[in-house]
Amino acid sequence: MENEKIKGEKRILKISICGTITFVLAEVICAILTRSMALLMDCVYDGTDLLMAIPFLILIPRLYKPLTEHRPYGYSQVESFFLLIKYSALLFLTLMLVKESVETIIEGGNPVSAGAIAIFEICVSAGCLAMMLLLRGLAKENMTPTIKAELFLWKLSALSTLGVGVAFIINIFMSHGSLAWVCPYVDPAVAIICAIFLLREPVQMIIESVRNLILFAPKKEVMDKVEAIAKEKCEKYGFESTFCEVIKTGRRYWINVYYYPNAKAVDLDILNALDAELEAALEDEFEDVWLEMIMDLLEYRDEKKKRKAK
């Protein structure tokens, strides 16, 4: 049977998918009726999120399966692979829409019903904010990378649709003055501006996913935090932390802490206590941790040579 953590994550993802389907259908209908490129930009982001959220429902239970000889990293890297595909597709579609928007501006703009779009986008923004707050409340302490990504996308949708709504409200006032000639260019211009602000996230996630897939160490801030925790806990139990290896695959951090005992013999009870306390401290900082304590034999051999040389 699935444990509560898996069930909770799947329930949150299902609610998010249902919400996304509702908003995508509404945005598609409104985009067709108004011929708005700004609304089409929203459809692309929400639609891409929907297409990639469904496979995660199948993947989630496998992320919690025990490791095997055939899958030493479990399914963690599959999660990174899915994120890489999702954000690569999002980046490609966004760039294509930017291209279309630029061509529309060159061809003379795209006149749309600013009032209808403004009302629709403000209503959608309120709905996205409500969905984000609902999912955040349901997630509580179960903040996995997948859930965090969903919350970020709902937050992004709320802010972007609000921005689009405000832009078209301004467009209504402009249409009655000397700047009326600008109005046909507002819709493609808003689409380009939204794309510029939204491109940062896909680029960052693509870089992070690639780093995870090729097993590079995480950011310096993460390494510094791990090393500080390892040093503190090892010193407390009479050991010296000599080196830390950290890689991240999907949501899991794989941490090897190399230690050197300051005594001739190692008390296994003390070592077990250190392992438990160190793992608990790391799990307070990171959502999913696999910890290995490894005696630094290289350090031991160097120390042995020094003793022989005396």
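Not measured: the values here are computed from a predicted model.

A. Examining the overall build of the protein chain more closely. Scanning the protein chain from terminus to terminus reveals 10 helices and three strands. Reading the protein chain from its N terminus to its C terminus gives the helix and strand order α-α-α-α-α-α-α-α-β-β-α-β-α. Here the protein chain holds 310 residues, and 45% of them are scored as buried. The contacts in the protein chain between residues at least 6 apart in sequence include a share of 75% that link residues at least 24 apart. For the protein chain, the computed accessible surface area is about 16800 Å², with 65% contributed by carbon and sulfur atoms.

B. Main features of the side chain of Ser 36. Structurally, Ser 36 is set in the loop between helix H1 (4–34) and helix H2 (37–63). In contact with Ser 36, other than residues within four places in its own chain, are Ala 31, Asn 110, Val 112, Ile 117, Phe 168 and Asp 187.

C. Just the packing of helix H6 (residues 183–198) against helix H7 (residues 200–213), in detail. At their nearest, the axes of H6 and H7 sit 5 Å apart, and the two run at 30° to each other. The angle between the axes of H6 and H7 places the two elements in the roughly parallel class. In this structure, H6 uses Ile 196, Phe 197 and Leu 198 to contact H7, whose residues at the interface are Arg 200, Glu 201 and Pro 202. When its residues are assigned to classes, the contact of H6 with H7 shows four nonpolar, no polar and two charged.

D. Seen up close, the environment of Leu 39. Mapped onto the fold, Leu 39 is located in helix H2. Along the primary structure Leu 39 and Glu 27 are separated by 12 residues, whereas in three dimensions their C-alpha atoms are 6.4 Å apart. When residues no more than four places from it in sequence are discounted, the contact partners of Leu 39 are Cys 30, Ala 31, Thr 34, Ile 117, Phe 120 and Glu 121.

E. Representation of the environment of Met 37 in the model. Tracing the chain through its elements places Met 37 in helix H2. A residue is classified by how much of its surface remains accessible, and Met 37, at 12% relative accessible area, is buried. Between the C-alpha atom of Met 37 and that of Val 112, which follows or precedes it by 75 residues, the distance is 9.5 Å. Dropping the residues within four chain positions of it, Met 37 is found in contact with Leu 97, Glu 100, Ser 101, Thr 104, Asn 110, Asp 187, Pro 188 and Ala 191.

F. Highlighting helix H4 (residues 114–139). If you check H4, its first and last C-alpha atoms are 37 Å apart, about what 26 residues at 1.5 Å a residue would give, namely 38 Å. With its phi angle positive at about 50°, Lys 140 sits one or two positions after the end of H4.

G. Highlighting a nonpolar patch on the surface. Together, Ile 122, Leu 162, Val 166, Ile 169, Ile 170, Ile 172 and Phe 173 line one region of the surface with nonpolar side chains, adding up to about 580 Å² of accessible area. Of all the elements, helix H5 (residues 145–174) adds the most residues to the nonpolar patch, at six residues. Structurally, Leu 162 can be placed in helix H5.

H. Up close: the environment of Leu 133. Here Leu 133 is to be found in helix H4. The exposure class of Leu 133 is partly exposed, given its relative accessible area of 48%. Expressed as a C-alpha distance, the spacing of Leu 133 and Lys 155, which sit 22 residues apart in the sequence, is 9.2 Å.

I. Broad picture of the pairing of strand E1 (residues 239–249). Strand direction decides the pairing type here: E1 and strand E2 (residues 252–261), joined by 10 bridges, are antiparallel. From the neighbouring strand, Thr 249 faces E2, where its bridge partner is Arg 252. Connecting E1 to the antiparallel partner E2 that follows it, the hairpin turn spans two residues, and Gly 250 within it adopts a positive phi of roughly 60°.

J. Looking closely at the nonpolar core. Membership of the largest hydrophobic core comes to 44 residues, with the highest contact counts inside it found for Met 41, Tyr 87, Trp 154 and Phe 168. Broken down by secondary-structure element, the contributors of at least two residues to this core are H1, H2, helix H3 (76–106), H4, H5, H6 and H7. Among the elements that line this core, the one with the most residues is H4, at 10 residues. With near-sequence residues (within four places) excluded, Tyr 87 lies in contact with Ala 149, Glu 201, Pro 202, Met 205 and Ile 206. Val 222, Val 226, Phe 239 and Met 293 belong to the second-largest nonpolar core, a separate cluster that totals 22 residues.

K. Representation of the packing of aromatic side chains. For the structure shown, the criterion picks out five aromatic pairs. Ring centres of Phe 243 and Tyr 258 lie 5.8 Å apart, and the angle between their planes is 50°; on these two criteria the pair is classed as tilted. Of this pair, Phe 243 sits in strand E1 while Tyr 258 sits in strand E2; the two residues are 15 residues apart in sequence, bridging distant segments of the chain. A ring pair is formed by Trp 254 and Trp 290, whose centres lie 5.8 Å apart and whose planes are at 45°; its orientation type is tilted. Of this pair, Trp 254 sits in strand E2 while Trp 290 sits in strand E3 (residues 288–295), placing them 36 residues apart in sequence. Trp 254 sits in the buried class, given a relative accessible area of 9%. Overall, Trp 290 belongs to the partly exposed group, its relative accessible area being 36%.

Criteria and cut-off values
- Residues numbered from 1 in each chain as written.
- Predicted model: local features only at pLDDT ≥ 70, side-chain atom pairs only at ≥ 80, totals over all residues.
- Heavy atoms only, no water.
- Helix = DSSP H or I, 4+ residues; strand = E, 2+ residues; numbered from the N terminus.
- Buried < 20%, exposed > 50% of the residue type's maximum accessible area, 1.4 Å probe, protein only.
- Contact = heavy atoms within 4.5 Å.
- Areas by Shrake-Rupley, 256 points an atom, 1.4 Å probe, with all protein chains shown as cover.
- Axes fitted to C-alpha atoms, helices over the stretch in contact; angles between N-to-C directions.
- Parallel < 35°, antiparallel > 145°, perpendicular 65-115°, else oblique.
- Nonpolar A, V, L, I, M, F, W, Y, C, P; charged D, E, K, R; others polar.
- Expected span 1.5 Å × (residues − 1).
- Patch = residues over 30% accessible without salt bridge, like charges linked within 9 Å, V, L, I, M, F, W, Y side chains within 5 Å.
- Salt bridge = Lys/Arg side-chain N within 4 Å of Asp/Glu carboxyl O.
- Pairing = 2+ DSSP bridges.
- Core = buried A, V, L, I, M, F, W, Y, C linked by side-chain atoms within 4.5 Å.
- Phe/Tyr/Trp six-rings, centres within 6.5 Å; stacked < 30°, edge-to-face > 60°.

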